[in-house]
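Analysis of the macromolecular model
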Amino acid sequence: MSFTKLVSQRLGNLKSLSTTDSTLCAETTYGKFGVKLYSPNIFRISATRDEKFEDFSYSVIASPENFKIDWKDSTDKISIETSACQLIVYKNPVRFSFQTLDGKIINEDDSLGISWIGDQVTCYKKLQQGERFIGLGEKTGSLDRRGSAYQNWNTDAFAYHSGADPLYSSIPFYIGIHHHLCYGIFLDNTHKTSFNFGASNNRFSSFAADAGEMNYYFICGNSVAEVIQQYSHLTGRMDMPPLWGLGYQQCRYSYYPDKEVLNTARTFREKEIPADAIVLDIHYMDQYKIFTWDKKRFADPHHMISELKAKGFQIVVMCDPGIKIENGYEPYDDGIKKDVFLKYPDNENYSGQVWPGWCHFPDFTNPKTRAWWAEKFKTYVEQGVEGFWNDMNEIATWGQALPENIEFDFEGNKATTRRGRNVYGFQMARSTYEGAKKLLNGKRPFNLTRSAFAGIQRYAAMWTGDNVASDEHMMLGIRLLNSLGLSGVAYVGYDTGGFVGDASSRLYARWISIASLSPFFRTHSMINSRDSEPWSYGEEVEQISRNSIRFRYQLLPYIYSVFHEASVHGLPVQRSLAIDYSHENWIYDGQYQHQYLFGPNILVAPVESYKELVKVFLPEGDWYYLYTGKVFAGNQEILIECPIHKLPIFIKAGSVIPTQKAGMNTSEKTNKLILHVYHGKKSSDFIFYSDDGETYAYQEGNFAKRKMEYIPGENKLIVGATEGSLKLHYEKLRIVFHGMTATQVKVNGEAKSLGQQIHSFFLPLEKYDPFFDPDSMGEESVLTAQLNYSPDKIEVSW
């Protein structure tokens, strides 16, 4: 039978089935399907018309757990039950229904089930009443994607608009929410894929691949957070980044010559604005050729980098995949000799035009090529480079029409662009990471990528590409980061201030205040645009920028701890409110969909630069306004002023937030840990984590971790005993009580008086007149206790 002549062909009816311990396989009228259990929460569903299933994935690294399928066969259905949920497979025609153990529908196939039209395979799902869809990675649009459709086809999307699709990366994983239930679906197919969440129909949602198998993972969980944790178990979690990678990075297209780079670093220090890295765009290279330096602009890179490191700066270099076709250029000559480039079917190397001119492109789906690429970073590392920026890896070429007949090795299973394009950037980032990690001899590299696929969190941070200097793009970037976090990628950011165009002073000030509370924090601007350093917009913006960046550096103990949580559990650092308040209708409202939690306790309410007044939705619980300590009840909308120097930020009552004095870079050590305790009605805990910030020794136990518990019912704060072998540099512990009335506490049973003082996280702004314009950065009266820092358990009661 010729399937390609059929308009649409479903799997059909079940004909026969067989089982092993963790897998059920079945033949149907027009194909076959398989069900494999990876855990009680994760089911893999595969369907094909080929003779056998393919068992290969760049994304999935988890192995199925060793347990037996508990299944029952009846006349019209097969039932598979785990401790988490059950799968009902209807036989005639074959359809899949995922249900709770008491029979509530979590997710189920439409009667169309799994169908083919030619090579394209689609899975149709019934739309549930009130069902919402969130995630899907780097996608524009609203938080709730109901009524929208998207494609995954990695694209160089320069200056993309607020509804553009596709963009630079593909993460075909989304979360469905309805009737206080939630689930996740990950389509593990690297061909061009399409997702329809009820766009142009009221019957079904669907996901489709242009070719290849229908191969998806269904993930059930009791919460959105649990679904994300299960997904990150499947596709992997990030290693801890270098601590300096969490500091502020200054980038421009481009900083050159070396004197300008050093002067920029010097200015940060003179103006006492914290910063940790300067990023070099393509002009550091000799005629834009990767693995080279322009000898006129950068005569002695090693000396320049040494000077920068003496000032507390790291350097990050741009890495493009195109290898210029030029005899005598070592990477080209060596690449030809070792046969590492993408090819046409007739074995001719593919050539595409990009910054250096005509180039060949390494085939990163070939292990031999990944090893070759990794070795090329040796000179960079010897010169002191520890940060790498993978760009133009969609693959971006002039003409934007990458031929689909290019052949990819695909680990020895030949494929074309149709299958390889979406993972090219992913595998390039992998190659860079693995090479730099090996060459750095135990130190952690910083690795950033523009293009990606599901699983990228194992190898690199992501940023959202060539954005635009506008309020619309500022707000879009926040939604993109929230969505990426929902999709398992914790280390994400955007070009603060906008890459394309010129930001106004107000826009830059607002943007940097928001970006200071994002996971990856970098300013970047395009060639022939205005300067975009914090001091480039006048004294007022300089002061606002300094305050915002300093605030981030004060929060580093908290931020680093949240990154540790991401590395262990896969939860994002920047958290859409859909994670903790999934069934609260207000959070999906267009007015409030940008709001997010930075870590578990800090609520950020982004607002456009031209607004002075904004409505904020506060979820359940009580919330402290950051600047004054005023307490607002949750589950309500409030109207609050938002002058350009005050981004609306709130702290969850009951929180314990570890902070420190702001240094000029992350390598500066302070001898005092400062705990901010926000009095509330509900108990909470926070895992404070630290390690050396540089190496992988933490994986061998060289870390310090302690649980901090706030227990209002017992009027206690417990700072648990330290786990791990690392001795921290702190000598003093200062506890700052917000909203407390007690004047005395007991510390491990010993009475201690509290001091009262005026507190602010921010420096006063010179613009504001204390008599006629007294609105500076805000102050709060707090109670404080000064203690000696101890790794042992500390119990504070009142």
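Conventions adopted
Here, residues in each chain are numbered from 1, in the same order as that chain's written sequence. Owing to the predicted nature of the model, reporting of local features is limited to residues with pLDDT of at least 70; listing and counting of side-chain atom pairs is limited to 80 or more, with chain, interface and lining totals taken over all residues. Calculated side-chain values reflect all of the structure's heavy atoms, with hydrogen atoms and water omitted. Secondary structure elements are defined from DSSP: runs of H or I of at least 4 residues count as helices, runs of E of at least 2 residues count as strands, and each element is numbered from the N terminus. Computation of the radius of gyration draws on C-alpha atoms, with the globule rule given as 2.2 Å multiplied by the number of residues to the power 0.38. We call a residue buried when its accessible area falls under 20% of the maximum for its residue type, exposed when it is over 50%, and partly exposed in between, using a 1.4 Å probe and counting protein chains only. Contacts are residue-level and defined by heavy atoms, with any inter-residue pair within 4.5 Å sufficient. A pair of cysteine sulfur atoms is labelled a disulfide when the two atoms are within 2.5 Å. DSSP calls a pair of strands paired once it identifies at least 2 bridges connecting them. Axis lines are fitted through C-alpha atoms, for helices just across the contact stretch, and the angle between N-to-C directions can take any value from 0 to 180 degrees. For this quantity, the arc is that covered by the directions from the helix axis to the C-beta atoms. N or O atoms closer than or at 3.5 Å make up a polar contact, with two conditions inside protein: a donor-capable atom paired with an acceptor-capable one, and, for residues adjacent in sequence, both atoms drawn from side chains. To define a nonpolar core, start from buried Ala, Val, Leu, Ile, Met, Phe, Trp, Tyr and Cys residues and group those joined through side-chain atoms within 4.5 Å.

Let's shift gears to the overall build of the chain. Within the chain, the secondary structure is distributed over 12 helices and 52 strands. For 798 residues, the compact-globule estimate of 2.2 N^0.38 gives 28 Å, and the chain sits close to it at 27 Å. By its C-alpha atoms, the chain is 85 × 70 × 50 Å across when sized along the principal axes. The burial tally for the chain puts 64% of its 798 residues in the buried class. Of the contacts formed within the chain by residues at least 6 apart in sequence, a portion of 69% connects residues at least 24 apart.

The step from Y256 to P257 runs through a cis peptide bond, and the omega angle for that step is 0 degrees. Mapped onto the elements, P257 comes out in the loop between β20 (248-252) and α2 (258-270). Cis geometry marks the peptide bond from E394 to I395, where omega comes out at 15 degrees. On the secondary structure map, I395 appears in the loop between β26 (387-390) and β27 (407-408). One non-glycine residue, M392, adopts positive backbone phi at about 55 degrees. Along the polypeptide, M392 turns up in the loop between β26 and β27. A relative accessible area of 6% places M392 in the buried class.

Overall, the coordinates contain 0 disulfides when judged by the stated rule. The thiol of C319 is not disulfide-bonded; the next cysteine sulfur, from C251, is found 12 Å away.

Moving on to the sheet that holds strand β29 (residues 446-449). Strand order around the closed barrel formed by 8 strands is β20-β21-β22-β26-β29-β31-β32-β33, with parallel pairing between neighbours. Direction aside, neighbouring strands of the sheet carry axes that sit 25 degrees apart on average. The strands touched by α2 within the sheet are β20, β21 (277-280) and β22 (314-319), with β21 carrying the most contacts at an inclination of about 155 degrees. Those strands touched by helix α3 (residues 301-310) are β21 and β22, and its axis lies near 135 degrees from that of β22.

Taken as a whole, α3 has its buried residues at P301, M304, I305 and L308. Taken around the axis of α3, the buried residues stretch over an arc of 95 degrees, which confines them to a single face. Close packing links the buried residues of α3 with α2, β21, β22 and α6 (378-383).

What follows is about the side chain of T432. Summarising the element assignment, T432 is placed in helix α7 (residues 417-439). Take T432: its relative accessible area is 0%, and that puts it in the buried class. Here the side chain of T432 touches N390 through a polar contact of 2.7 Å, side chain to side chain. The contacts of T432, once residues within four sequence positions are left out, are W373, F377, F388, N390 and N447.

In terms of nonpolar packing, the biggest core is built from 190 residues, with L280, Y284, I290, W293, M304, Y380 and F650 touching the most fellow members. When residues no more than four places from it in sequence are discounted, the contact partners of F650 are N601, I602, L603, V616, L618, W623, Y624, Y625, L626, F632, I638 and I640. Among the nonpolar cores identified, the runner-up in size contains 41 residues, and F43, L87, F98 and F133 belong to it.

On to the sheet that holds strand β39 (residues 631-633). Spatial strand order, β34-β35-β36-β41-β38-β39: 6 strands in an open sheet with antiparallel pairing. Lying at the two open borders of the sheet, with one neighbouring strand each, are β34 (574-576) and β39. Between one strand and the next, the sheet's axes are offset by a mean angle of 35 degrees, whatever the strand orientation. Taken together, the 3 bridges between strand β36 (residues 602-604) and strand β41 (residues 649-652) define a ladder with antiparallel strand orientation. Considered in β41, the bridge of V604 is made with I649. Against the sheet, helix α8 (residues 471-486) engages β34 and β35 (596-598), with an angle of about 90 degrees to β34.

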